[in-house]
Amino acid sequence: MSEGPPPAIRALPSWLLSRAAARGRTLMADALAAEGLRVWHHVVLLAVRDLAPVAQADLGRRVRLDAKDLVGVLDDLQSAGLVVRAPDPRDRRKNAVTLTAEGARLLVRCERAAGEANDALLGPLTAAERERFTGMLARIADAS
């Protein structure tokens, strides 16, 4: 059995965050794979649901995904019948993205799976600790 890293390494918040993030990514990837999605598919579906109709360029900025990578994700989602890209009614030079009924149904299942993955990730924490921890992570993430 491995003893793990020495105390000097375990005292580094950046190291601990990277280990927790790796565990979270694995849990989420496994949960979403059961629904046929990858993590970025889920992120984009959530954003489209909350922002739709949303211009494709705005969507990329909001989820902080490079335009060419977003096109690939949207191509996957559109091919699967989960989103529709059409001229934006506010600016016909842009594409607006909306969720289809099938996309909405899949998103409900994915949110359940993601919730279970996050519960597993945060399992060692009490409900109050989870809330504080999530708030602190948001502050760290928003500082960039």
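No experiment lies behind these values; they were computed from the predicted model shown.

It is worth spelling out the overall build of the protein chain at this point. Helix and strand counts for the protein chain come out as seven helices and three strands. Each helix and strand of the protein chain, ordered N terminal to C terminal, gives the series α-α-α-β-α-α-β-β-α-α. Its C-alpha atoms put the protein chain at 55 × 30 × 30 Å along the principal axes. Among the 144 residues that make up the protein chain, the fraction classed as buried is 26%. Considering only contacts within the protein chain whose residues lie at least 6 apart along the sequence, 50% involve residues at least 24 apart. A total of about 9,400 Å² of accessible surface is found on the protein chain, and carbon and sulfur atoms cover 57% of it. Where the 21 positive side-chain charges of the protein chain centre and where its 18 negative ones centre are 3 Å apart.

A few words on the pattern of salt bridges. Tallied over the entire structure, the rule returns 11 salt bridges. Ionic pairing is found between Arg109 and Glu35, a salt bridge with its closest N-O pair at 3.0 Å. With Arg109 in helix α6 (residues 101–121) and Glu35 in the loop between α2 (13–33) and α3 (39–51), the pair connects residues that are 74 residues apart, well separated along the chain. Taking relative accessible area as the criterion, Arg109 reaches 32% and is therefore assigned partly exposed. Accessibility expressed as a relative area gives 27% for Glu35, which makes it partly exposed. Linking Arg130 and Asp119 is a salt bridge whose minimum nitrogen-to-oxygen distance equals 3.1 Å.

With that settled, consider the environment of Leu122. For Leu122, the position within the fold is in the loop between α6 and α7 (127–142). Residue classification places Leu122 among the buried residues on the basis of a relative accessible area of 15%. When the C-alpha atoms of Leu122 and Gly24 are compared, they prove to be 9.1 Å apart, with 98 residues separating the residues in sequence. Residues in contact with Leu122, not counting those within four places in the same chain, are Arg130, Phe133 and Thr134.

The subject of this paragraph is the pairing of strand β2 (residues 83–88). Pairing of β2 with strand β3 (residues 91–99) involves six bridges; the strand directions are antiparallel. Looking across to β3, one finds that Ala86 is bridged to Ala96. Two successive antiparallel strands, β2 and β3, enclose a turn made up of two residues.

With respect to the helices, strands and loops of the structure, His42 is situated in helix α3. Residues within four places of His42 in sequence aside, it is in contact with Met28, Leu32, Leu107, Cys110, Glu111 and Ala114.

A word on the sheet that holds β2. Spatially, β1-β3-β2 is the arrangement adopted by the three strands of the open sheet, whose pairing is antiparallel. At either end of the open sheet lies a strand with only one pairing partner, and these are β1 (54–55) and β2. When β1 meets β3, the two strands line up antiparallel, connected through two bridges. When the bridges of β3 are listed, Val54 appears paired with Val97. The sheet strands contacting helix α5 (residues 67–79) are β2 and β3, and the helix crosses β2 at an angle near 115°.

This part is about the confidence of the model for the protein chain. With 99% of its residues at a pLDDT of at least 70, the protein chain reaches an overall mean of 94. Element-level mean pLDDT values for the protein chain span from 88 in β3 up to 97 in α5.

What counts, and at which threshold
- Residues numbered from 1 in each chain as written.
- Predicted model: local features only at pLDDT ≥ 70, side-chain atom pairs only at ≥ 80, totals over all residues.
- Heavy atoms only, no water.
- Helix = DSSP H or I, 4+ residues; strand = E, 2+ residues; numbered from the N terminus.
- Buried < 20%, exposed > 50% of the residue type's maximum accessible area, 1.4 Å probe, protein only.
- Contact = heavy atoms within 4.5 Å.
- Areas by Shrake-Rupley, 256 points an atom, 1.4 Å probe, with all protein chains shown as cover.
- Lys, Arg positive; Asp, Glu negative; His and termini not counted.
- Charge placed at Lys NZ, Arg CZ, Asp CG, Glu CD.
- Salt bridge = Lys/Arg side-chain N within 4 Å of Asp/Glu carboxyl O.
- Pairing = 2+ DSSP bridges.
- Axes fitted to C-alpha atoms, helices over the stretch in contact; angles between N-to-C directions.
- pLDDT = per-residue confidence, 0-100.

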